[in-house]
Amino acid sequence: MTNREALSLAEACASTLYERDAASQAMGMRLLSVAPGAARVGMSVRADMLQGVGTCHGGHLFALADSAFAFACNTYNEVTVAIGCSIDYVAPAHLGDTLTAQATEQSRSGRTGNYHVRIENQNGQLIALFHGKSYKVRGTLLDEESLHE
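Worth saying up front: this structure is predicted, and the values here are computed from it rather than measured. (Residues numbered from 1 in each chain as written. Predicted model: local features only at pLDDT ≥ 70, side-chain atom pairs only at ≥ 80, totals over all residues. Heavy atoms only, no water.)

J.: Would you take a moment to explain the UniProt feature "domain: Thioesterase" (unreviewed entry) in the protein for this structure?
T.: Here the UniProt-annotated "domain: Thioesterase" (unreviewed entry) positions come out as residues 54-127. The annotated region residues 54-127 carries 22% helix and 45% strand content, and the separation between its end C-alpha atoms amounts to 15 Å. (UniProt positions renumbered as here; feature names shortened; annotations may be inferred. Helix = DSSP H or I, 4+ residues; strand = E, 2+ residues; numbered from the N terminus.)

J.: I tried to follow the side chain of Ser-67 on my own but got confused; where do I start?
T.: Looking at where Ser-67 falls in the secondary structure, it is placed in helix α3 (residues 58-73). With relative accessibility at 9%, the residue Ser-67 sits in the buried group. Sequence-distant contacts of Ser-67, defined by excluding residues within four places in its chain, comprise Asp-21, Ser-24 and Met-29. (Buried < 20%, exposed > 50% of the residue type's maximum accessible area, 1.4 Å probe, protein only. Contact = heavy atoms within 4.5 Å.)

J.: Can you help me understand the packing of aromatic side chains in this one?
T.: Two descriptors summarise a pair of aromatic rings, namely the distance from one centre to the other and the angle between the planes of the rings. Going through the model one piece at a time under the given rule, you end up with four aromatic pairs. On the basis of an interplanar angle of 65° and a centroid distance of 5.2 Å, the ring pair of Phe-62 and Phe-130 is categorised as edge-to-face. Linking Phe-62 in helix α3 with Phe-130 in strand β6 (residues 126-136), this pair joins segments that are 68 residues apart in sequence. The class of Phe-62 is partly exposed, set by a relative accessible area of 27%. Residue Phe-130 is classed as buried on the basis of its relative accessible area, which comes to 3%. Seen from their ring centres, Phe-69 and Tyr-115 are 5.6 Å apart, and the 55° between their planes marks the pair as tilted. Remark: Tyr-115 occurs in strand β5 (residues 112-120) and Phe-69 occurs in helix α3; sequence separation between them is 46 residues. Summarising the burial analysis for this pair, Phe-69 and Tyr-115 share the class buried. (Phe/Tyr/Trp six-rings, centres within 6.5 Å; stacked < 30°, edge-to-face > 60°.)

Okay, structure coming up:
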């Protein structure tokens, strides 16, 4: 597969996954870019995402990182799910912040993979670091017809 074909496949997989992902869409996440084993996802912090001390709830930060991780590990048209994740919160995100989660594949072999996700705000400040471990299950995101369109 050429680099161009791999990028086209990654984009088609991410687009299909995003169309099916009501949770990410409901949180206002935007798929910004994708490549084989990588994805960038953006989200703006809304008032309904704030917790009791006035900063973005960690669950929303986790969800943003988890979504970027999901898009990155599903770029090969092999249905892949998380089998473990962890996050370190480094700095608070505030109302109106525009966050970007960059997921990058660290390893992929057999049925498992490891991905790092870095969340930054609009100023490039590090907000959180996430690690996800993926597991390839049976099936594909795209059917044969979709692959040849």
